[in-house]
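Each chain, letter by letter, is given below.
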Amino acid sequence: MSRMVKKAGAFEIVNHWMLAGSCLVLALSGFAFVFHLDGVAALFGGFPPMRAWHNISGVVFAVSLFLTVFSYLPVSLSFSADDMKWLSMGGGYLSRNKKELPPQDKLNTGQKLYYLVLLGMGAVMSASGFTIWLLGNKGLVLLSYFAHNLFFVFFMVAIPVHIYLGTFANPGTLRIMLSGKVPLDWARRRYGKWVSRMGLG
Amino acid sequence: MARMALLVSPELCIGCRGCQSACKEWNGLPAVKTVNRGTFENPPDLTGADYNRIRFMEVPSAQDAQRWLFVSQRCMHCGDAACMKICPSSGALFRAKNGAVVFDKGKCIGCKLCGSACPYGLIRFDQANKVSKCHLCHDRTEAGLTPACVKTCPSGALKYGDRDKLAAEASAAGYSNLYGEADLGGTGVLYAFKDSPKVYGMLQNPAFPAEVHFWSGIKSLAYLGLGATVAASALHYLVIGPHKEEGEEVKKDE
Ligand code: SF4
Ligand code: SF4
Ligand code: SF4
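Residues numbered from 1 in each chain as written. Chains lettered and ligands numbered in written order. Predicted model: local features only at pLDDT ≥ 70, side-chain atom pairs only at ≥ 80, totals over all residues. Heavy atoms only, no water.

The helix and strand tally for chain B stands at 9 helices and 8 strands. A total of 254 residues make up chain B; the buried ones form 51% of that total. Per element, the accessible surface of chain B, about 12100 Å² overall, is 56% carbon and sulfur. Taken as two groups, the 29 positive and 25 negative side-chain charges of chain B have centres that lie 9 Å from each other. (Helix = DSSP H or I, 4+ residues; strand = E, 2+ residues; numbered from the N terminus. Buried < 20%, exposed > 50% of the residue type's maximum accessible area, 1.4 Å probe, protein only. Areas by Shrake-Rupley, 256 points an atom, 1.4 Å probe, with all protein chains shown as cover. Lys, Arg positive; Asp, Glu negative; His and termini not counted. Charge placed at Lys NZ, Arg CZ, Asp CG, Glu CD.)

All names here are of chain A. Put simply, helix H5 (residues 109-134) and helix H6 (residues 138-166) touch, their axes get as near as 8 Å, and they point 145° apart. Helix-helix and strand crossings are classified by hand; for H5 and H6 the assignment is left-handed. Split into classes, the residues belonging to the contact of H5 with H6 amount to 16 nonpolar, 7 polar and no charged. (Axes fitted to C-alpha atoms, helices over the stretch in contact; angles between N-to-C directions. Left-handed = near helix turned anticlockwise from the far one by under 90°. Nonpolar A, V, L, I, M, F, W, Y, C, P; charged D, E, K, R; others polar.)

All names here are of chain B. Averaged over all residues, the pLDDT of chain B is 94; the fraction at 70 or higher stands at 96%. Confidence drops under a pLDDT of 50 for residues 248-254, and excluding neighbours within four residues, the segment shows 9 contacts in the predicted structure. Complex prediction metrics read pTM 0.92 and ipTM 0.90. (pLDDT = per-residue confidence, 0-100. Contact = heavy atoms within 4.5 Å.)

In this assembly, 50 residues from chain B lie in contact with 46 residues from chain A. For the pair chain B and chain A, the summed buried area comes to about 4100 Å², and 63% of that belongs to carbon and sulfur atoms. Remark: the boundary between chain B and chain A carries 0 salt bridges. Applying the counting rule to chain B against chain A returns 15 residue pairs in polar contact (both at pLDDT 80 or more). Elements supplying a minimum of two residues to the side of chain B that touches chain A: helix H2 (82-86), helix H3 (113-117), helix H7 (210-218), helix H8 (221-239) and helix H9 (248-253) of chain B. The dominant element in the side of chain B that touches chain A, judged by the number of residues it contributes, is H8 of chain B, at 12 residues. Of the residues assigned to the side of chain B that touches chain A, the class counts are 25 nonpolar, 15 polar and 10 charged. (Buried area = accessible area lost by both parts, 1.4 Å probe. Salt bridge = Lys/Arg side-chain N within 4 Å of Asp/Glu carboxyl O. Polar contact = N/O pair within 3.5 Å; in protein donor to acceptor, adjacent residues only side chain to side chain.)

Residues and elements named next belong to chain B. Per the stated rule, a full pass over the model turns up 13 salt bridges over all chains. Across the pair glutamate 41 and arginine 53 runs a salt bridge whose closest N-O atoms are separated by 3.1 Å. Of the two residues, glutamate 41 is situated in the loop between helix H1 (18-27) and strand S2 (53-58) and arginine 53 in strand S2; the sequence distance between them amounts to 12 residues. Pair check on accessibility: glutamate 41 and arginine 53 agree, each one buried.

Right, let's get into the site of ligand 1. Every one of the 13 residues lining ligand 1 counts as a neighbour, but Cys13, Cys16, Arg17, Cys19 and Cys153 of chain B are closest to it. Looking at the shell around ligand 1, its residues break down into 9 nonpolar, 3 polar and 1 charged. (Near = heavy atom within 4 Å.)

For chain B, the domain assignment lists domain 1 (4-200) and domain 2 (210-253). Put simply, the middle of domain 1 of chain B and the middle of domain 2 of chain B, counted by C-alpha atoms, are 50 Å apart. (Domains from an automatic or database assignment.)

It is worth spelling out the packing of helix H1 (residues 10-35) of chain A against H6 of chain A at this point. Residues and elements named next belong to chain A. Where H1 contacts H6, the two axes come as close as 11 Å, and the packing angle between them is 130°. By the angle class used here, H1 and H6 are oblique. The interaxial crossing formed by H1 with H6 has left-handed handedness. Between H1 and H6, the contacting residues are His16, Cys23, Ala27, Gly30, Phe31 and Val34 on the first element and Asn149, Phe152, Phe155, Met156, Ile159 and His162 on the second. Classifying every residue of the contact of H1 with H6 by side-chain character gives 8 nonpolar, 4 polar and no charged. (Parallel < 35°, antiparallel > 145°, perpendicular 65-115°, else oblique.)

Taken together, 13 residues lie around ligand 3, and Cys87, Cys108, Cys111, Lys112 and Cys114 of chain B are the ones closest in. Of the residues in the shell around ligand 3, the class split is 10 nonpolar, 2 polar and 1 charged.

This part takes up the environment of glutamine 66 of chain B. Residues and elements named next belong to chain B. For glutamine 66, the position within the fold is in the loop between S2 and strand S3 (68-73). Glutamine 66 gets classed as exposed once you look at its relative accessible area, which sits at 58%. Remark: the alpha-carbon pair of glutamine 66 and proline 197, spanning 131 residues in sequence, is separated by 19 Å.

Here the focus is the environment of serine 22 of chain A. Residues and elements named next belong to chain A. Note that serine 22 resides in helix H1. Residue serine 22 is classed as buried on the basis of its relative accessible area of 4%. A C-alpha to C-alpha distance of 9.3 Å links serine 22 and tryptophan 53, two positions 31 residues apart in sequence.

All names here are of chain B. Residues asparagine 42 and proline 43 are joined by a peptide bond in cis, for which omega reads 0°. When you line up the elements, proline 43 lands in the loop between H1 and S2. Of note in the backbone geometry, lysine 112 takes a positive phi value of approximately 65° without being a glycine. Take lysine 112: its relative accessible area is 36%, and that puts it in the partly exposed class. One non-glycine residue, leucine 184, adopts positive backbone phi at about 45°. For leucine 184, the position within the fold is in the loop between strand S7 (177-179) and strand S8 (189-193).

Encoded structure:
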């Protein structure tokens, strides 16, 4: 067993789970609102309390989404030739034959792109949600209602992809969001650029 | 039960506003303080405590130099009700047997989405932000009575009955324009007009909000997207498999 290195700090980890928790409440209540699921609403004590859960979770979601900016935005915006190469190899996800991928930073290319997409989607979701909640303008509310629903569909696609990639598809990755620590060897294989940038050897 | 309707005939209305009072009386609605605006019309708008009101207009015509119009205003009880379709709470707005669009405040979550969806802008809310509008006296009609406003109307300007029969009667009586007959799946409140609806200050070409219509057509994509993604992930795991923990395989390929 090689030495463990710290891949994520407490702030990053706690914030991730705030985002995940609020997302779960939002998605569950969202399904219940869209499809009038009385059974799901009963878990929240009925539709009126579920609205409060949905709105409060929306605030938590928006705040923690904003806080991710400090952890991931700079690295997500830095693209290099290695990222292009990573993309051209499909991140190694497209074939059983695992070829060596170009060295990756704190986030790999796929994670960078996923983060940028998620940030954009979350921004639309938050803006439309707060519009429905707080603004009275009919045209804006209807437009937001539509965007909120459409992006709900996008989230229902994006979230399972994220969960799959963070667990089954990449064994060992989940540790980053639990203890934050991963073996140095493992980190070197997957985040080589980050390991050398941090001077971890 | 056949679809019922409320037929409004402004030409017969004498403007007594007994309908407004009867509505408040039956539904236990508080008085709303207003100010004199120099018009017969009062209250100035529908509110959560004013389910119906008489709009007053002075529209002189060639035959009639002093033509006064009194037009009862309330929720139209649309056949294709945008308010019901947008409502995220199950049972907050529902269709009664007589076709009326009725609310259940206990189930309303106070989101006011229905207010934005109503093509006529006729939904109002109470102090607690719960939906509060004409329900054609659901409790009365369920018991075989007519709505309170109809019961009190002394002139025949408000009639309640079988929708098709009322429509036929109005046409037979020479009302050329039956407002609401075909709009939004046919409305449950019909207006017997002799002139264009514009003269009576009615909304021309009310339209179901496209956003609500389109979304309700595609909303199953939420389940579909979730299911397909989970299935695709499982398939990927089985067919292509995960990134291996050990580095050996990678080295072999080099
Ligand atoms: S009760 Fe009848 S006559 Fe009196 S204002 Fe109402 S609709 Fe007109
Ligand atoms: S008029 Fe408005 S509130 Fe009444 S049924 Fe139609 S959409 Fe709903
Ligand atoms: S305010 Fe009440 S009735 Fe209107 S859409 Fe929201 S839950 Fe439904």
